[in-house]
Amino acid sequence: MNCKLVHKHGNDYIDGYASSLIVNDVQTHLDSCQECAKYIGAIKRLKTILGDIPVPEKTDGQWKSIHENVLTSLGTNKKDIVLKFTKKVSHLQMFATAAALVLMFVSVSFVYNQFSGKKSSHSQLLYPSLVAMQGDTSKDGNKAELIKVNGVVSTTPGSMSLLKTDSASTIEIAELSKLVIKQYSESNQVYVLEAGSVQIHVNKRKVGQVYVLETPNAVCKVVGTRFTVDVVQSDRGSKTVLTVAEGCVLFKGKNGDSVFVHAGSSRSITGEELDPSEVALSTIKEPESTVEIVVANPPLPVKTKNTKDNSVAVVDEPDVVPAEIPVENSIKVYNERVRESESLFRSGDSEMAFSILQQLIDSLLLPPGLVYEAYMKKARFQKSLKKYSEACQTLEAVVGVNKFKTEHRANALYLLSELKRIELSDGDGAIARYRQYIKEFSNGLMISEAYFTLAELYHAKKEFSEEIRVYKEFVEAYGNLPGIDRAMYSLAQLYTTTQNDCAKAVGLYAHIESKYPNGQFTEDALFWKANCLQNQGKVVLAADAYKDYCVRYPEGRWISEARGRIIDKESVGRR
Amino acid sequence: MSIDNQYIDDNERLRITKAAQGDKQAFSEIFFSYKTMVYRVVCKFLGASENTDDAVQQVFIELFKSLPGYRGNAKFTTWLYRIAVNVSIQYIRKRRRDSDVESLNTEFHIDRTQNSGARVEKNELQMQVASALETIHIRKRIVVVLHDMEGRTMEEISDITGLPLGTVKSRLFHGREELRVKLKKLLE
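The rules behind these values
Residues numbered from 1 in each chain as written. Chains lettered and ligands numbered in written order. Predicted model: local features only at pLDDT ≥ 70, side-chain atom pairs only at ≥ 80, totals over all residues. Heavy atoms only, no water. Helix = DSSP H or I, 4+ residues; strand = E, 2+ residues; numbered from the N terminus. Buried < 20%, exposed > 50% of the residue type's maximum accessible area, 1.4 Å probe, protein only. Contact = heavy atoms within 4.5 Å. Areas by Shrake-Rupley, 256 points an atom, 1.4 Å probe, with all protein chains shown as cover. Expected span 1.5 Å × (residues − 1). Arc of directions from axis to C-beta. Core = buried A, V, L, I, M, F, W, Y, C linked by side-chain atoms within 4.5 Å. pLDDT = per-residue confidence, 0-100.

## Concerning the overall build of chain B
Of regular secondary structure, chain B possesses 9 helices and 0 strands. For chain B, the α and β elements follow one another from N to C terminus as α-α-α-α-α-α-α-α-α. Going through the 188 residues of chain B one by one, you find that 56% of them count as buried. Sequence-distant contacts, at least 24 apart, represent 61% of the contacts inside chain B between residues at least 6 apart. Summing over all exposed atoms, chain B offers an accessible surface of approximately 7900 Å²; the carbon and sulfur share of this is 47%.

## As for helix α16 (residues 502–515) of chain A
Because an α-helix completes one turn every 3.6 residues, residues spaced three or four positions apart along the sequence face the same direction. Residues and elements named next belong to chain A. In this model α16 runs 20 Å from its N-terminal to its C-terminal C-alpha over 14 residues, within 8% of the 20 Å that 1.5 Å per residue would give. Of the positions making up α16, those classed as buried are C502, A505, V506, L508, Y509, I512 and E513. End-on view of α16: buried residues confined to an arc of 165°, all on one side of the axis. Those residues of α16 hidden inside the fold are in contact with α15 (484–497), α17 (522–535) and α18 (539–552).

## Remarks on helix α10 (residues 388–399) of chain A
For α10(A), spanning 12 residues, the distance from its first C-alpha to its last is 16 Å, which sits close to the expected 16 Å at 1.5 Å a residue. Those residues of α10(A) that are buried are in contact with α9 (368–384), α11 (406–423) and α12 (427–440) of chain A.

## Some points on the nonpolar core
A:Y437 and A:F474 are the most contacted members of the largest nonpolar core, which totals 84 residues. For A:Y437, the contacting residues outside a window of four places in its chain are A:A410, A:L413, A:Y414, A:S442, A:G444, A:L445, A:M446, A:I447 and A:A450.

## A closer look at the confidence of the model for chain A
Residues and elements named next belong to chain A. When pLDDT is averaged along chain A, the result is 76; 76% of the residues meet or exceed 70. Note that pLDDT drops below 50 for residues 115–144; the model gives that stretch 59 contacts with residues more than four away or on any other chain. Scored below 50 in pLDDT, residues 280–328 makes 97 contacts in the model with residues more than four places away or belonging to other chains.

Pasting the structure below:
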C-alpha cells in the first residue's frame, strides 16, 4: 500500500465500504506515513463536521402554516384540484394569447413610430417592461407588466423586481425599495429612487439620450465618453497619453496593467508599463496612432453635486468607488481583494487590509451578500486585534443595512451582543442587544441562546423578576424548541428560591416530568417537586414523590437525601 | 393506480393511493409524516434561508402532482428525496440567476448544545464548511449532502439521482477533495 493507493481507497476506508484486507493495509500505512494520516484525518474531520451541521427546528405553528399553504395551492379535494389545474392551463393559454397580442401591437407601434418619426406619448412607455412579481417568483415565474410614467415599483421584504427599460438596460430593484418612473421616452429616462437599493445596467446611449436616477438628495446621470489619445516617442519607447474629458475609460498596457481613467484625468503608458502618476492634461486632439483601448461601459457611478438650477449632475472625482472592479468580474475580483487583505493582515499591515475591505464595503458594484461578507471579515479582523469597540461599530452597521438578508443582520446582531457581553463586559449594552434580537428576529437561529443569555445577565444583576419574565416569555412563545425543559426548570427554581412560590414550581416540575420523561432535567425536577410539596406541608404527596424518585433513580444523585426524607416521614408518622 | 407492495407496507400504500385520488386527509398525513425529512434535506441544500419554506411547500406540491406516477418500485422515501433534491436544485439555480454569484449568502443552524466558548468556535467552523460547500459544483454537492449530511448509502444515492454507482463514488470523492483543499487550514 502506497500513498497513491491510500488516496484512492481513502474514502471507502473512511465510509466503511473497504474490504478488511484494504482496511488493514491502509491502517498499516497510516501508522508510518504522517502525510497520509493527515489526509485521512482531514477527510474524517470534514465528514464529521458536515454530519454535525444541524438544522433549525420549526414550531408547530410554522408547520401548520406551511401545511395550509400547500393545501391552498393544491385545493381541498380532487375535484378542486382538477378544476384548479384545468383553470390554470386555461389561464395560461389565455395569458399566452394576450401577451402575444400585446407584443405584436407594441412591435407594430414601435416600428411605425420609428419610421414615421412620431414621438411617443409621455403617458405610455415605448418599450414594454418586464417586471418580476413581488414575493415568490419561483411559483409564478416572471409576469409581464407595462409600467406607465409616474408609476411606482415597490418591493416587499424578500422580493425583488427587474425592470427592462430598453433593449438591454435593466434596473434591478432590491427588497424594501421604491422606484418612481418620472420620465420615460426614447430620449429621456428619469427615475427617482425614494428608498432602498437598485443596481443599474445601462446600455450604450446615443447622443442626446439622457438617463438619470434621482434620490432624495442626489442625482446620478449616465454620461457619454469623450477622450483623446496622444502617442509620443520617449527613450523608453512609445508613450501613450490618455486624457478623458467625459465619462470613464479603461486604459490597459500590453503587460496587462490597467486602470480606469475618469473625466478630468490623464494617465500614460510608457513601453509596456503604466506610469505610476497622473500627467498634465493635454489639449484635445485626434489620436495619431492606434492603441488598444478598452472603453468601460457603463461608466462607474460618480459623485455628483447640484448646479444652481439643480437639474444637471456634475461629474466629479468619485471617492468611494473602487476603481478597478469591472462589473462582470466582481466575484473574481472580490475574492482576489479579500485574499489580498488577508495576506496583508497576516503580515501585519492591518491598515491596508482594512482599507481594502472598506473599498469592498463601499463598492456599489458588489451584490449585498459579498458586501456583508466584507463587513464580517472586517469585524473579525478588528476583534482579533482586540479593537472590540470598532468591531461593535462594524456589526452595528451590518444590522442597520436593510438590503442585507434578515439572517445576516440577525447573525451580526447576535455577534454584537456577545461582543458586548464577553469582551466589553457591557452588561446593560448586551441586555439591550439581546432584547433587540428577540424582538426583531423572533425566528432567528440563535433565539434560544438569546433568551438564555439574557436570563443569565438578569440573574447576574440579581434582577430576578426580569429573569422570570424572560423565561416565561420563552416558554410561552417557543413551546416546542429544544431547551424548553431547561427554561422551565430554571423558572421553577426561581419561583422557589426568589418568590417562595412552591405551587407554581410544583406545576412546572410536574410538567417537565410528564413532557420530558427522559429529559436531562427530569431527575432533578422530580426530586425538587417532592421538596416543594414537603415545604407546602403536603406530607403524603411529598413522600409519594420521594418514593417515586427512588424507584426511578435508584442510583440518582439525590438518592440518599430522598431515602432519608422518606424514613423521616415514616418516623414522624409512627410517632 | 396500483402500487407494488415491495417497498411499502399496506397502510402506506393505502394512504398514498387515497392521497393520489385527492384525499386531503391522507395527503395531510403524508405531509406530517415526512415534513421533517423534507425540511432537513432542503435546508442542507439551501440553508435556513427565506426560500426554504417555499421550497418545502414546492416539494409537497410536486409530490402531490407526481403521486399518480408512483408505482411502489422504489422506496417512498427515495421518491420523495428525488423530488426534494430536484426542487432544491431549481432553487439554487434560480438564486444563482437572480444574484449572479455563487452565493455565500446562506447559513446553517448553529449547534446549541455546548458551552458558549466552544460553541462559538464550532459554529464558526460549521459556517465555514457550509459556505465552502456552497461553492462546489451542484453535481458534487448533491452527493456530499446526501452522503455525509443525510447519511444515505451509495446505493440509495444512486437510486435517488439515477446516477451509476461509480459516478456517485467519483463525485463524492471529488466533492470531498475540493472541500478538503478549500478548508485545508481548518481541517489539519
